[in-house]
Structure formats: structure tokens, C-alpha cells
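Secondary and tertiary structure notes
Listed here are the chains, written in short residue letters.
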Amino acid sequence: MKKGYFGDFGGQFVAELLIPPLRELEHALETIVPSPEFQAEFSALLRDYVGRKSPLTHCPTLSKELGFNLWLKREDLNHTGSHKINNTLGQALLTKYMGKPAMLTETGAGMNGVATATAARALDLDCIVFMGATDVARQSHNVRRMQLLGAEIVPVQNGTKTLKDAINEALRYWIAEQRTHHYCFGTAAGPHPFPTLVREFQSVVGREAREQILEKTGELPYAVVACVGGGSNAIGAFHAFVPDESVRLVGVEAAGTGEPGCYNSAPLNLGSRGVLHGQMTMLLQDEDGQILPSHSVAAGLDYPGVGPEHAHLHDSGRAHYGTVNDAQALKAFMTLTRSEGIMPALESSHAVAWVLENRDRIPKGANVIVNLSGRGDKDMDIIEEHLGAQPVHGRKG
Amino acid sequence: MTTSKLTERIRKANAAGRKALIPFIPGGFPDLEQFWTHLEALDAGGADIIEVGVPFSDPCADGPVVEKASIQALEAGVSLKWLLNGLKARAGRFQAELVLMGYLNPFLQYGFEKLAEDAAAAGVSGFIIPDLPLDEDAPYRAVLQGKGMALVPLVGLNTDLERMKAYAAVAKGYVYVVSVLGTTGARESFPAELADALARAREAFDLPIALGFGIKEPAQLEVFGDSIDAVIFGSALITHIRETGSAKAFMARWA
Ligand SMILES: Cc1ncc(COP(=O)(O)O)c(C=O)c1O
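Anyway, here's the lowdown on the structure attached to this text. (Residues numbered from 1 in each chain as written. Chains lettered and ligands numbered in written order. Predicted model: local features only at pLDDT ≥ 70, side-chain atom pairs only at ≥ 80, totals over all residues. Heavy atoms only, no water.)

Moving on: the overall build of chain A. From N to C terminus, chain A includes 16 helices and 14 strands. What you see for chain A is a C-alpha radius of gyration of 19 Å, in line with the 21 Å of a compact globule of 397 residues. Its C-alpha atoms give chain A principal-axis dimensions of roughly 55 × 45 × 40 Å. Contacts spanning at least 24 positions in sequence make up 74% of the contacts within chain A whose residues lie at least 6 apart. Carbon and sulfur atoms make up 51% of the accessible area of chain A, which totals about 13700 Å². Side chains of chain A give 36 positive and 44 negative charges; the mean places of these two sets differ by 5 Å. (Helix = DSSP H or I, 4+ residues; strand = E, 2+ residues; numbered from the N terminus. Rg over C-alpha atoms; globule rule 2.2 N^0.38 Å. Contact = heavy atoms within 4.5 Å. Areas by Shrake-Rupley, 256 points an atom, 1.4 Å probe, with all protein chains shown as cover. Lys, Arg positive; Asp, Glu negative; His and termini not counted. Charge placed at Lys NZ, Arg CZ, Asp CG, Glu CD.)

What follows is the structure, encoded as C-alpha cells:
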């Protein structure tokens, strides 16, 4: 397989001016990241600052109703409330080792922005965050958090004003500021080496989950389910299980409103091959190769592309990718909240919803792990807007 | 190895004691009709080579002026197919050589074999694809060169000599030296390191050197002397067209 590729997908489709910083980063991934010093420091940060391991929680009420065992990998319990912190602390530490004083990043739901701003504070780095203007409006809570952490927020007014445009702007900024800034890419997508680098830092999720489920049940799970935006939480959850052929890997893409022809965020199911943001991958695009706007009620899933390793896992059939629409995700949010007292992020609610919607396909007594990538606090405004009119009393909501 | 028409064209201008002029205009800007008027004005106004942009929804190596013009052209309904058909209908009418500058994805969706065939029939002499660096370009370069078209490399302040030499081993046409570590857009001054980058390019390449990004006035070029052979201007031209509705006066400055 060509370096930087997963099957036919991946690569480094960037301006020549970005090749030197990508080379530098590739070298850092090969030399610094595997070093015992780096690994020791990173593990200590994950343990003492993030609060790892995150628990693997059994859901007694829902499991009883479903007839199989639902387990949640609790990335929502991490410091800053999502899986994003695993990656940003890894990259912040790498920034230090590379001798750069600052990081830049892009964010959709804001969780990557908050996690990057936090990691920057923890390791005394400057931080600038690009965020689509639409996302600034719908994730105001996280914007405030980033500002309090001392990060500079740049609202992006171009294009669809969401994650894809924030990435464009971040790439532009990086060309100019590459000598002092590390681009802390927020998901397992983009030009090589980012998909591999981010997977490296997120794979702790699946490693822990694998050990925990073996310890608790004595066997490997029937399936591991995770939502897919760019694909970082999913690749993190999947990676340790890829060699376990009996374990089904299920990624869940956002179908938007689910109406025919609506904007969605499901490039693996509804897109085609193309090149965007430095990678050959599956994309939402028209027949002229222009990128189509995406949509999801979950800002963190609202991206017209997907990390190249998922495109490959999809192509090779090792993982299966389903879709869940906005309404199903909102319903799953309420179901989990009311059944177990756990309020998932709207992104993670897509993964929960896939399990609820596909309950008949899962054998009785099976063990299913859902990666709960984040907590729902950040989504309160959206939840209110969608569920505000509905009666929200009573056990089943 | 045959010499590219692009190389010949720049050498001819240099032999006449001047820098070759390479304006850039996004296809379909500002709308589908006026675009052809501007293209003809650039041609009549002394352009040696015209870089015609193929608008893309996500031009992440471009600054705000080019991005806005590209989006405007997309909204006006431009597509690669429209552009190639229009150029084909006018093939042979332009004095200047034509180069298509665009991001990879629209070219990929069109299909590279068909692209090479249709572009050659439309009188296109070369391509610039900013998100297709050396490490990825081999299959695409082969298809374009198979139809006699050049794939022009972009290099910059942070491209070392070794990498320039690697480009030089395969490149045709001319070398596009990016004047700044940044995106497209007119600027007041250039970084001191630019002289070193131009010297490296001169050492590595046997092709003419064209300087682009940030250039808006002929006077800016004086400091470069013989270290460049051609000049590329885009954002300044787009801004001028926006302000005056005409490309002619802009070209007159450089003649
Ligand atoms: C809580 C949460 N989950 C999931 C995602 C989706 O991203 P990815 O697929 O890269 O993990 C996001 C992105 O913002 C998020 O905030």
C-alpha cells in the first residue's frame, strides 16, 4: 500500500507550500510519538488530566427492554466532555516536542475547539480556532468556553459556514503560519499524516474498551458502534477490534432530516469518490465535482467528507456504515436520558439511535458497545428548540 | 523531449527584452457573457499566456479575492464543461497560450482522459493544479503530457533545492514561484527570502521562471531583475475588473 494511503483512499492533495510542514509532522509521528518519553508523558496526561480510563457502563434498563446488553464507552466523562481531548492533548504535546509555540484548529460542534483550547492552556501554547459562523451561532456555549480558555475564535463567513469552511480557512492560515503553528487537525481526516496521527491518539478508546468488555463478560463484543463525522471517535473505537473478525464494526452517518434529496452528512452511504481537504475519500458532491452543503442536527457530524480510513473500511467491507436521521437521533437522546440518566451529545445520539433502530437485527443476549463520544450539555439550545414543544415529563419522554 | 509552447512563448517575450505577461481570470467571472469579453481584452492587451481558473467550491489555497470571484462564477452557472465547450468554439482565435488552473476534484469528476482530450481540442497548452503536488501527480501528469499539455509546478519560499530538482526532472512549461508563504492576494511588499527561492529555482530548473501571488504593479518587479522571466497577476486584475468593468486598462499598465 502506498505510504499515506488506506487502499485507494488518503494521500496528500495539498498546496506544495504545505508539503514541508506535513513532512515535518510525518517525521514527528515516526520518531517522537513512539519514543518512551513521549508515550510516558502522554499516558500520564490521559490518566491525571483527562481522567482515563473512561468507564464501560452497562445500561440495565435499556438492555432489559432490548433483550441484549448495551454497553457505553464513556468518552463523555473525559475532561471537557468528549473524546476530542485524547487527540488534542497528544497533538499539543507533539507541538511542544516539535518546538512550536502555538496551535491552530477548526471546530464544528465546538468540542474539538474546547479540547484544543484546553490542551493549549495545559501545555502553555497559544491557540486560534476557526469555526463556521453557523456553528458559532448554534454552539454559543462552547464559543464562550473557548474564549474563557483564552483561545482566539475566528468565525468563518465563507461557503456553507460550517466545518468544511472552517477547515478551508484553517488550511489557508496554516500555509502562512506554518513555522510557528502546528495545525491540530480535529478528526481522522485531511492530508497524510493526520488520519494516522489522530487514530494513534484516539485508539486508546478501543484498547480500553476491548480490555474492559473481556474483563466484564469474558468475551469479545458482538458489535462496536460509533457515530461518524470526520471519523475520529469511530476509528479510535474500532482500531483495536479490526483484527477481531467476529466483531462487527458499525459506523453511523447522519442522514439529516431524512427526506429524499435533503442535505445530509452521509458521504459513505450517499456520496462518491473525490478529493477534498488534502485527501482522496468519499464526498458529497455534484456531477461537476463541486462539494455539496451537508447538514445534520449534530454540528459535529455536519461534514461532506469522511476520513480516508473509513472509506477503506467501507470499501473493503470490514466495517458497516448505517445512517440515522435528525428525528431518530433526538428520540435516542431522550431515550438514553430517561432510561439511564445519561445525556449524550447529539453526535453520539446517532450511534445510540442506530442500535435502537436496528434492535431486531441484534441477537438476544449479545454484547453491544456504543462509543458515547460526548455529553449533551453543549446541545441544550438545540434540544430545547426541537423538543421544547413536546411534553417532556414521564419516564419514557 | 519537445519544448512546450508555454516555454517558447515566454522565451520569445524575453528575447524581445521584456517579461512575459500572465494574467489569471476565473472562468465565468463576473458572469458567463462578460467573461469572454474580458478574455478577449486580455488577449488583445498583450497577454502571452492566460491562466483561466476553473472555479471550485472549496479553493483552500486561494485568498479572499479569488475565492469570492470563483464563487460568483459558480453562482453564474460556470462548469468545466461550459468552459471547455466555449474555448473549443473559439479555438485558434487567441494569440495567447491558454492554461487551465483549477483544483483536482472537478478535473477528476470530468475524467482525466476525457479532460486531456477536450482541453487539447480547446487549444489549452497546460494545467496548474494547486492541490496536486509532486508526490501525487504522476498518473495525471502522464495523461496530460500524452496530449502535449504541460503540468506547471508551483514552488515557494519553503521548497528546498532537492525538491525543486525533483520537479525539474518531470516538469514542462514554466515554473510558478509563489512569492509569499501565504494564499493569493495583492500585497505591498515581498519577503526577503524570495531572492533565495528564485536563485534555487534558477539552479534547479531549465524552464522559465514566472513569479506570482501578490503582484499588482509593474514597479514591484524592478528588484527582481533577470531572476524572473514572467509575471502572473490575478487578484489585482480581478479587483481592477470589479472597479472599472474592463481588463484593457490593466493590461496597458504592463505593456
Ligand atoms: C461529541 C462529538 N462526537 C462526535 C463528533 C464527530 O467527530 P468524529 O467523527 O471525528 O469523531 C464530534 C465532532 O465535533 C463531537 O463533538
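A tally of regular secondary structure across chain B gives 11 helices and nine strands. Taking 2.2 N^0.38 as the reference for a compact globule, 255 residues should give roughly 18 Å; the C-alpha atoms of chain B span a radius of gyration of 17 Å, in line with that estimate. Dimensions of chain B along its principal axes, counting C-alpha atoms only, are 40 × 40 × 35 Å. Classification of the 255 residues of chain B by burial places 61% in the buried group. Excluding contacts between residues fewer than 6 apart, the proportion of contacts in chain B whose partners are at least 24 apart in sequence is 73%. Accessible surface, chain B as shown: approximately 9600 Å² in total, 51% of it carbon and sulfur. Here chain B contributes 24 positive and 31 negative side-chain charges, whose respective centroids are spaced 6 Å apart. (Buried < 20%, exposed > 50% of the residue type's maximum accessible area, 1.4 Å probe, protein only.)

Residue and element names in this part refer to chain A. Strands sit in the order S1-S2-S12-S11 across an open sheet of four strands; the sheet is antiparallel. Each of the sheet's edge strands pairs with one partner strand only, and the pair in question is strand S1 (5-6) and strand S11 (272-276). Where strand S2 (residues 9-13) lies against strand S12 (residues 278-283), two bridges are found, and the strand directions are antiparallel. When the bridges of S12 are listed, Phe 13 appears paired with Gly 278. (Pairing = 2+ DSSP bridges.)

Glancing now at the interface of chain B and chain A. Contacts between the two partners involve 38 residues from chain B, matched on the other side by 35 residues from chain A. By the criterion of area lost to chain A, the three top residues of chain B are Asp 58, Glu 136 and Leu 181 of chain B, representing 21% of everything that side buries. In this structure, Glu 67 of chain B and Arg 172 of chain A form a salt bridge, with 3.4 Å as the shortest nitrogen-oxygen distance. There are 24 residue pairs in polar contact (both at pLDDT 80 or more) connecting chain B and chain A. Taken together, the elements giving at least two residues each to the side of chain B that touches chain A come down to helix H3 (64-75), helix H5 (104-110), helix H7 (134-146), strand S6 (154-155) and helix H8 (161-168) of chain B. Ranked by the residues each element gives to the side of chain B that touches chain A, the list is headed by H5 of chain B, at five residues. Looking at side-chain class alone, the side of chain B that touches chain A contains 21 nonpolar, nine polar and eight charged residues. (Buried area = accessible area lost by both parts, 1.4 Å probe. Salt bridge = Lys/Arg side-chain N within 4 Å of Asp/Glu carboxyl O. Polar contact = N/O pair within 3.5 Å; in protein donor to acceptor, adjacent residues only side chain to side chain. Nonpolar A, V, L, I, M, F, W, Y, C, P; charged D, E, K, R; others polar.)

A few words now on the packing of aromatic side chains. Enumeration over the complete set of coordinates arrives at 22 aromatic pairs over all chains. In textbook terms, an aromatic cluster arises when at least three aromatic residues are bridged by ring pairs, as seen for Phe 38, Phe 42, Tyr 97 and Phe 201 of chain A. Lying over the aromatic face of Trp 36 of chain B, Arg 90 of chain B brings its terminal NZ or CZ to 3.7 Å of the ring centre. (Phe/Tyr/Trp six-rings, centres within 6.5 Å; stacked < 30°, edge-to-face > 60°. Lys NZ or Arg CZ within 6 Å of the ring centre and 35° of its normal.)

This next bit is on the nonpolar core. Within the largest apolar cluster, 189 residues are counted, with the highest numbers of intra-cluster contacts made by Phe 238 of chain A together with Leu 87, Leu 100, Phe 127, Tyr 174 and Phe 205 of chain B. Per-element accounting of this core gives the leading share, seven residues, to helix H8 (residues 163-177) of chain A. Counting residues in each nonpolar core, the second largest holds 37 residues, with Leu 301, Ala 329, Ala 351 and Ile 382 of chain A among its members. (Core = buried A, V, L, I, M, F, W, Y, C linked by side-chain atoms within 4.5 Å.)

On to the sheet that holds strand S7 (residues 175-178) of chain B. Residues and elements named next belong to chain B. Across the sheet, nine strands lie side by side as S5-S4-S3-S2-S1-S9-S8-S7-S6; this open sheet has parallel pairing. This sheet does not close on itself; its edge strands, each paired only once, are strand S5 (150-151) and S6. Of the strand pairs in this sheet, strand S8 (residues 209-212) and strand S9 (residues 230-233) are connected by two bridges, and their pairing is parallel. Its bridge partner lying in S9, Ala 210 is registered against Ala 230.

Here we take up the site of the ligand. Residues and elements named next belong to chain A. With respect to spatial proximity, 18 residues lie near the ligand, and among them Thr 187, Gly 229, Gly 231, Asn 233 and Ser 373 are the closest. In the environment of the ligand, an oxygen atom lies 3.3 Å from a nitrogen or oxygen atom belonging to the backbone of Gly 230. Between Ser 373 and the ligand, the recorded distance is 2.6 Å, taken from a side-chain N or O atom to a nitrogen atom. Taking 390 Å² as the accessible area of the ligand by itself, protein coverage stands at 98%. Partitioned by chemical class, the residues of the shell around the ligand number six nonpolar, 10 polar and two charged. (Near = heavy atom within 4 Å.)

Before going further, it helps to examine the packing of helix H4 (residues 80-89) of chain B against helix H6 (residues 112-121) of chain B. Residue and element names in this part refer to chain B. The contact between H4 and H6 brings their axes to 8 Å, and the two run at 35°. On H6, the residues touching Leu 80, Leu 84 and Lys 88 of H4 are Leu 115, Asp 118, Ala 119 and Ala 121. Each residue belonging to the contact of H4 with H6 can be placed in one class, and the counts come to five nonpolar, no polar and two charged. (Axes fitted to C-alpha atoms, helices over the stretch in contact; angles between N-to-C directions.)

Let us look at the pattern of salt bridges. Residues and elements named next belong to chain A. Applying the stated criterion to the full structure yields 34 salt bridges over all chains. Ionic pairing is found between Glu 208 and Arg 52, a salt bridge with its closest N-O pair at 2.8 Å. Of this pair, Glu 208 sits in helix H10 (residues 204-217) while Arg 52 sits in the loop between helix H2 (36-50) and strand S3 (56-58), and the two are 156 residues apart along the sequence. Each member of the pair, Glu 208 as well as Arg 52, carries the same accessibility label: buried. In this structure, Asp 302 and Arg 138 form a salt bridge, with 2.8 Å as the shortest nitrogen-oxygen distance. Here Arg 138 lies in helix H6 (residues 133-138) and Asp 302 lies in the loop between S12 and helix H13 (308-316), a separation of 164 residues in the sequence. By the burial criterion, Asp 302 is buried, and Arg 138 matches it.

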